[in-house]
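Structural characterization, general
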Amino acid sequence: MKRAFSFGDRSIEPAVQRVNEVRCVAVIGAGTMGLGIAIDLLKKTDYDVILLDVQAEALERAKTKLDDLWQQQVKGSQIREEDAKALKARTKYTQKYADIKAADIIWEVATERSDVKAKIFETIEKAIDPERIAAIFSNTSSHTTGELAVLFKSEAFREKFLTVHGYFPFEANRLIDVMKGKYASNDTFAFGVVFADQILEKTVIALPIDHHGYITDPLFQAMAAVISWDVQTGEDIVQLGGLWELFTANPFSVLDQTGHMPYTESSRHLGQALPETDRLRSLYNREGKHYPDWIARLEKDGFTGVNSPVRKGFYAWSDGARPKAESVLDPATGKYVPIGEISRKEFWSYYEATERDRRAGKIKSAESLVHVACADDAGGRAFRRYALPICLYALDMVQDRIATPGQINISTRAGLRYKVGLIEVIDSLIAHLTINGLLELVRRARDENADDPCMVGMLDVDGETGPRKGRPCLLHEMKKRNLTRLLGYGTYFRTPVAELDLDTGGYRGCYLDLRFCEPSSRGRVAGIVFNNPLRGNVWNRAVLDQFAHAYHRVLRLHREGRCGAVLFTAAGTGMRMLGADAREFNRGWFEREKGYVPLTEAEAAAFTRNGMGLFRLIQKSPVATVGVFGEKWGGGAEFNYFLDLRYDVRAEGFMFDSLERKTNWQPKSTYNQPELDFAILGGFGAAGELKRLGLGDSVIFEIFDQGLTADRAYQVGLSNGVFDDELEALRRGYERARLMAKDAPYSRALFKQQLARGADDEALATETGEVFNPKKNPFISIGLLALLDRGARVPKMDYACGEAELPGWEYPLGNGMADVDAAEEV
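Bear in mind that the values here come from a model prediction, so they are computed numbers and not experimental data.

Rules of the game
- Residues numbered from 1 in each chain as written.
- Predicted model: local features only at pLDDT ≥ 70, side-chain atom pairs only at ≥ 80, totals over all residues.
- Heavy atoms only, no water.
- Helix = DSSP H or I, 4+ residues; strand = E, 2+ residues; numbered from the N terminus.
- Rg over C-alpha atoms; globule rule 2.2 N^0.38 Å.
- Buried < 20%, exposed > 50% of the residue type's maximum accessible area, 1.4 Å probe, protein only.
- Contact = heavy atoms within 4.5 Å.
- Areas by Shrake-Rupley, 256 points an atom, 1.4 Å probe, with all protein chains shown as cover.
- Pairing = 2+ DSSP bridges.
- Axes fitted to C-alpha atoms, helices over the stretch in contact; angles between N-to-C directions.

**Quick word on the overall build of the protein**
Along the protein, the regular secondary structure elements total 30 helices and 24 strands. Taking 2.2 N^0.38 as the reference for a compact globule, 826 residues should give roughly 28 Å; the C-alpha atoms of the protein span a radius of gyration of 28 Å, in line with that estimate. Each of the three principal axes of the protein carries a C-alpha extent, and together these read 90 × 60 × 60 Å. Within the span of the protein, comprising 826 residues, buried residues form 56% of the whole. At a minimum sequence separation of 6, the contacts of the protein that also span at least 24 residues come to 69%. Of the accessible surface of the protein, which amounts to about 35500 Å², a share of 51% is contributed by carbon and sulfur atoms.

Okay, here's the thing in structure tokens:
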């Protein structure tokens, strides 16, 4: 969305207002990351974007890439020619700091070197008025905010300085870090979080305290560093790096695509700056070196990856827009050799893990990783030597209150693209081995590496040696407190929905794909935002689990009288909400050469059964519901049919005219049910719900065969309001929800029951009498007083339901979490 919205949260309203005043962003550094940020800003906002670089060649490359991108999108009927011209007109390229005076935000992404950053910041101080600017961001992989803030001489600049760090490729990666440090004001921190969340549409890891590299970068940095010291041959890069392919991707391949500079500069800085208590510090200090000689030689020779002139790094890469690794570096000879297959004889557990997942219809599962961790082959030894220290480091961050379990899991899932988050892996190890068993597994790893003092220190769990001497691992505390998992899991598919609060021992909601906005005491409106716009805000198993947990939170708040309505919406430009995640229609990976592996009838039916049960719960509950969306497809449209009110944002785009055989720019349908085209059904009740809403067969056929625009939906009574502006739609939707939240719970529950039942005059007479009975309807006294004594100051209604029985409604047992009582939740 081009502008921000507070969802009734008064604490962020000043930040929202300042974010909505932003008109221009200056990006210092036109390299890979700077270009990605520029692309993201130009696509998602109407800001002017200034790219500043001291090298004219870098600016020219950036301009060429941007111009080519817009032209490709014109050819692909993604944007119009006039849109491309407008994008170019909003982009300025300069080598002069005087040209960024009008910027509301300055974002430095030029370098990882602090000496170069110091010169940039000095120039900013001379050129920019600190009173005018909203914030200064620095994209850094290893520095703390405090380390960089002191490079500014003026307190005024320090107060407006944050480290804000995205991940490659910036425009296609959902994760972003916002770190405050000790100098930035709370207002600046709130501004940065709102900007990253609602304007950049990212999954935000907000850290109020400093930590080198945030959460994600130390983990990724270590994935490569822990292996790098053992690499002797090209085979090692493939086979040892192949361990991480069981989680996500070989880190050496990723580094070739991002460029080596952030890695090498971060290694230097981490080696110098990490505290003595950091478990991974020794990775960046070996024999007076911050990284091995073979990586230093690549850096010296300019072999820094796919974007280097020779297109070589750890691998040699093909030409073209989608380069592929053609050969791998052999550090022993300095030559590039063919990429061999990982040895089946030595690393048989890798292959067993893959085959176990294939048979189970899973992808890189936690169960298969546990299988590798315990194996007696080279793969098992690699897991224990390389992965276990990083698991322990994650536990250290939780123990030291640097990060929460959910933040670490989300960082690895969203930023590093783990198929199973790192905390999920730790939970699975505990579930399979027990805490004692996991402690023994780590001790086994320590003994296997007894000849390596650095590794022994990293694998210490008992506080006996190394950086954590005197502080036993978090596993000991968990064992003592009888805590057996760091995350809470959903009732349907056992995917993460909550995280352990280490201070209380309870669990609190923590979502990868949703954002939950607590209701204010004034508005009593909760917000649930589908928050994965890069994937179109699809429905999948994880989202269904998270959504069930979030709605159970709503119901608990309603019972306490703190919530009367929910506003549902979707993040991202256009507020799109797609249907079921097509990737989950296949059991495991879809591989074109192998073909489709169909779900079983039971698996397909279970998804519909769980979704329908949840949607019926929402439909029947006494909580008022309002949806504000743009384009809706399949299950995204069906979900809206269960809500009380639907507000639509008009959509425009290219549509193919099958009669004239050409594409035209025109209004797009906002209600779409394309299932019949793909030989499937609307699995979330489209046909029945549309009938219930009073639509005739011809209109229902229209929705399924061609879709309805927002205006057409309003015309036939499916939509309750139509808007051009997303923010205005949210404002109106929230206000309507706030007014609906004032309904007395007993009356609203009875009203819902009547709607579901239909006409019954005798029942109506009975129910009308019942509402006047204060023993049945405890809200009647305040309601009648407000009606009869208009001139008086009537006491506020207490909406808490407590033990009151609401007609036709019972609060569901449980809390949307498997095997965790409601009492255990925070």
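The structure having been displayed, the exposition proceeds.
**Some details on the sheet that holds strand β7 (residues 175-179)**
Taken together, the eight strands give an open sheet; going across it, the order is β3-β2-β1-β4-β5-β6-β7-β8, and neighbouring strands pair in mixed fashion. For this open sheet the edge positions go to β3 (91-94) and β8 (203-207), each flanked by a neighbour on one side alone. Averaged over all neighbouring strand pairs, the angle between strand axes comes to 20°, with direction disregarded. As paired elements, strand β4 (residues 105-108) and strand β5 (residues 135-138) share four bridges and run parallel to each other. Within β5, the position partnered with Glu108 by the bridge is Ser138. Helix-sheet contacts for helix α5 (residues 114-127) involve β1 (24-28), β4, β5 and β6 (161-166), and the interaxial angle to β4 is about 165°.

**Structural notes on the side chain of Glu201**
For Glu201, the position within the fold is in the loop between α8 (186-199) and β8. In this view, Glu201 contacts Met1, Lys44, Ala196, Pro533, Gly572 and Thr573; residues no more than four positions away in its chain are not counted.

**Quick notes on the pairing of strand β13 (residues 496-500)**
In terms of burial, β13 is a largely internal element, five of the five residues being buried. Alignment of strand β12 (residues 487-489) against β13, held across three bridges, turns out to be antiparallel. Across the sheet, residue Tyr489 finds its bridge partner in β13, namely Pro496. Counting the residues that bridge the hairpin from β12 to β13 gives six residues, and of these Arg494 lies at a positive phi of roughly 60°. Taking the residues that link successive antiparallel strands as the turn, the β13-strand β14 (residues 507-509) hairpin has six residues, and the phi of Gly505 there is positive, at about 80°.

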